Amino acid sequence: MTGFKTIIAAAGLALASSAGVAAAPTAAPGAATTTTAPEAAAPATAAPAAAPTAAVAKPADPTLAADGSQLVKPVAHVGQPTDGYYGIQTQVTKNGETAHWFHDSILFPLITIISIFVLGLLIYVVFRFREKANPVPSKTSHNTFIEIVWTLVPVLILVAIAVPSIRLLAAQYAPPPKGAVTLKAIGNQWYWSYEYPDHGGIAITANMLKEQSEVPAGTRYRTDADGPRLLAADNRIVLPVGVPIRLLTTAADVIHSWAVPAFWIKLDAVPGRINETSFTIDKPGVYFGQCSELCGARHGYMPITVEAVSPQQFAAWVAAKGGTMPGAAAPAASGADATDDTATPATAAVPGNAAVENATVTAETTNQAATANNGAGGNPGR
Ligand SMILES: [Cu+2]
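Residues numbered from 1 in each chain as written. Predicted model: local features only at pLDDT ≥ 70, side-chain atom pairs only at ≥ 80, totals over all residues. Heavy atoms only, no water.

Per an unreviewed UniProt entry, the protein chain goes by Cytochrome c oxidase subunit 2 and derives from Sphingomonas donggukensis. Listed under Function (unreviewed entry) in UniProt, the entry text for the protein chain is "Subunits I and II form the functional core of the enzyme complex. Electrons originating in cytochrome c are transferred via heme a and Cu(A) to the binuclear center formed by heme a3 and Cu(B)." (UniProt positions renumbered as here; feature names shortened; annotations may be inferred.)

Asker: Which parts of the structure should I look at to understand the overall build of the protein chain?
Answerer: For the protein chain, the helix and strand inventory stands at eight helices and 10 strands. Per-residue burial over the protein chain gives 34% buried out of 382 residues. Look at the contacts in the protein chain between residues 6 or more apart in sequence, and 68% of them connect residues 24 or more apart. With the model as given, the accessible surface of the protein chain reaches about 21800 Å², and the carbon-plus-sulfur share is 64%. (Helix = DSSP H or I, 4+ residues; strand = E, 2+ residues; numbered from the N terminus. Buried < 20%, exposed > 50% of the residue type's maximum accessible area, 1.4 Å probe, protein only. Contact = heavy atoms within 4.5 Å. Areas by Shrake-Rupley, 256 points an atom, 1.4 Å probe, with all protein chains shown as cover.)

Asker: Where do I start with helix α7 (residues 311–320) in this structure?
Answerer: Because each turn of an α-helix spans 3.6 residues, side chains separated by three or four positions end up pointing in the same direction. Listed as buried for α7 are Phe314, Trp317, Val318 and Ala320. Buried positions in α7, seen along its axis, are confined to an arc of 160 degrees and lie on one side of it. At its buried positions, α7 is contacted by β1 (181–188), β2 (191–196), β3 (202–206), β4 (237–240) and β10 (303–309). Gly322 occupies a position one or two residues after α7 and carries a positive phi of about 85 degrees. (Arc of directions from axis to C-beta.)

Asker: So what exactly am I meant to see when it comes to the environment of Leu247 here?
Answerer: Take Leu247: it is sitting in strand β5 (residues 244–251). Residue classification places Leu247 among the buried residues on the basis of a relative accessible area of 0%. Taking the C-alpha atoms as reference, Leu247 lies 6.0 Å from Thr182; in sequence the two are 65 residues apart. Residue contacts for Leu247: discarding those within four places in its chain leaves Leu183, Ala185, Trp258, Ile265, Leu267, Asn275, Glu276, Thr277 and Phe279.

Asker: Which parts of the structure should I look at to understand the sheet that holds strand β8 (residues 275–280)?
Answerer: Across a sheet, paired strands are connected by hydrogen bonds in the backbone, their directions being either parallel or antiparallel. In spatial order, the strands read β3-β2-β1-β5-β8; together these five strands make up an open sheet with mixed pairing. At either end of the open sheet lies a strand with only one pairing partner, and these are β3 and β8. With strand direction ignored, the average angle separating the axes of adjacent strands in the sheet is 25 degrees. As paired strands, β1 and β2 are joined by five bridges and run antiparallel to one another. If you follow Gly187 over to β2, its bridge partner there is Trp192. Packing of α7 onto the sheet brings it into contact with β1, β2 and β3, and relative to β3 it is tilted by some 90 degrees. (Pairing = 2+ DSSP bridges. Axes fitted to C-alpha atoms, helices over the stretch in contact; angles between N-to-C directions.)

Asker: Explanation requested: the environment of Thr63 in the structure shown.
Answerer: Along the chain, Thr63 falls in the loop between α4 (47–55) and α5 (94–128). Thr63 sits in the buried class, given a relative accessible area of 7%. Discounting residues that sit within four places of it in the chain, Thr63 has contacts with Ser69, Gln70, Leu71, Val72, Val238, Glu307, Val309 and Trp317. Within the structure, Thr63 has its side chain in polar contact with the side chain of Asp61 (distance 2.7 Å). (Polar contact = N/O pair within 3.5 Å; in protein donor to acceptor, adjacent residues only side chain to side chain.)

Asker: Looking at this model, I keep getting lost on the side chain of Thr250. Mind explaining?
Answerer: The topology assignment puts Thr250 in strand β5. Reaching out from Thr250, the side chain makes a polar contact with the backbone oxygen of Val270 at a distance of 3.3 Å. Leave out the neighbours within four places in its chain, and Thr250 touches Lys184, Ala185, Ile186, Gly187, Ala269, Val270, Pro271, Gly272, Arg273 and Ile274.

Asker: How should I be thinking about the coordination of the copper ion in this particular structure?
Answerer: Octahedral six-donor coordination of a metal ideally yields angles of 90 or 180 degrees, compared with 109.5 degrees for tetrahedral four-donor coordination. Coordination of the copper ion by the protein comes from His256 (ND1), Cys291 (SG), Cys295 (SG) and Met302 (SD), over a distance range of 2.0 to 2.7 Å. Coordination at the copper ion comes from four donor atoms whose angles at the metal span 95 to 127 degrees, giving a geometry best classed as tetrahedral. The sequence pattern describing where the donors of the copper ion fall on their chain is H-x34-C-x3-C-x6-M. With His256 in strand β6 (residues 256–260) and Met302 in the loop between β9 (285–291) and β10, the pair connects residues that are 46 residues apart, well separated along the chain. According to the relative accessible area criterion, His256 is buried, its value standing at 0%. (Donors = N, O, S within 2.8 Å, 3.2 Å for Na, K, Ca; no water. Tetrahedral: all angles 85-135°; square planar, octahedral: opposite > 155°, others 65-115°.)

Asker: Even after reading the chapter, I still don't get the UniProt feature "transmembrane region" (unreviewed entry) in the protein chain, so can you show me in this structure?
Answerer: Here, the residues flagged by UniProt with the feature "transmembrane region" (unreviewed entry) are residues 106–127 and 148–170. What you have in residues 106–127 is 100% helix and 0% strand, and the ends, taken at the C-alpha atoms, are 32 Å apart. Within residues 148–170, the helical portion is 100% and the strand portion 0%, while the C-alpha atoms at the span's ends are 32 Å from each other.

Following this line, the structure appears as structure tokens:
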């Protein structure tokens with residue numbers, strides 16, 4: 001039996017090597033020393049027997065391709081800033097759509113009309129009542145009609161703005177309904193960590209992906225499939241579409257702010273307290289955001305990447321992360337720490353620059369390192 005296992009392991013090793021994939025660490029040492037030439041040739045019939053032994057640890061992550069790269073690529077103009085475009089990003093939540101309409105149909109026209117009206121009045125007054133054109137100024141100090149108009153009109157304008165504004169504000173803080181998916185975002189200097197407390201306590205750390213020129217060879221770097229520069233994170237937060245999301249924010253050190261423009265969400269993450277809001281994503285896709293509270297030297301380098309998927313894919317993703325859907329039975333223990341996102345996947349190394357869960361870069365922990373200041377030399381000062 002032991003001999004058979006060795007053959008299987010050797011066949012798996014040979015297959016993995018020929019495909020350019022590093023073998024799982026557990027199989028490597030023993031198999032390499034006991035392999036004999038004929039078995040190492042790995043007849044085709046031995047390969048299927050070897051494959052399942054390596055794949056049973058975790059279900060596949062539905063958001064990743066077989067090579068570990070991101071399946072869903074960001075789409076231009078969606079969930080991210082666009083060169084040369086000004087205006088609010090396309091919104092994918094109800095509150096966002098309301099806010100977008102409120103801005104485009106009420107606030108912006110109103111501001112434009114008022115500004116042009118006041119400018120016109122000023123220009124008229126400057127020319128019409130200048131000393132040359134109006135040598136004897138009027139001494140009128142009171143006009144009941146004009147006073148009523150300039151009091152009433154601004155009041156009506158303010159009421160017209162206040163009604164949709166307060167309604168939107170209330171909707172943003174409406175408690176999530178039952179069945180909401182809870183996402184807890186924790187701000188850290190300078191990365192985000194996440195927990196899914198209703199889904200078996202899945203925990204994820206998300207760091208910004210650096211550019212190829214900024215990392216040593218062999219280290220994962222950002223590609224266009226990950227997202228735009230400074231906005232792509234190594235681990236995406238996966239959320240279901242059409243399901244209310246309860247967002248909880250807090251922080252481990254200083255105040256951060258979890259903000260994703262396409263969701264119309266910006267919620268401060270304050271140490272020692274938990275803030276809550278809710279939203280429902282309408283469309284699948286990849287959406288980007290950033291920390292929006294000045295939180296230190298690398299404040300600008302803690303992006304947020306959310307991938308919205310169908311509820312079925314979300315359930316598959318939860319299973320891939322070792323979590324459970326609410327109400328479902330806990331999965332059989334696989335031996336690995338189900339909530340440890342940094343655990344090495346059973347499929348071991350992924351070729352090339354593919355996305356892997358454990359690609360999280362160790363976060364810098366001091367201002368000195370983060371700003372590349374020379375601690376010994378001190379700040380040169382100005
Ligand atoms: Cu921050």
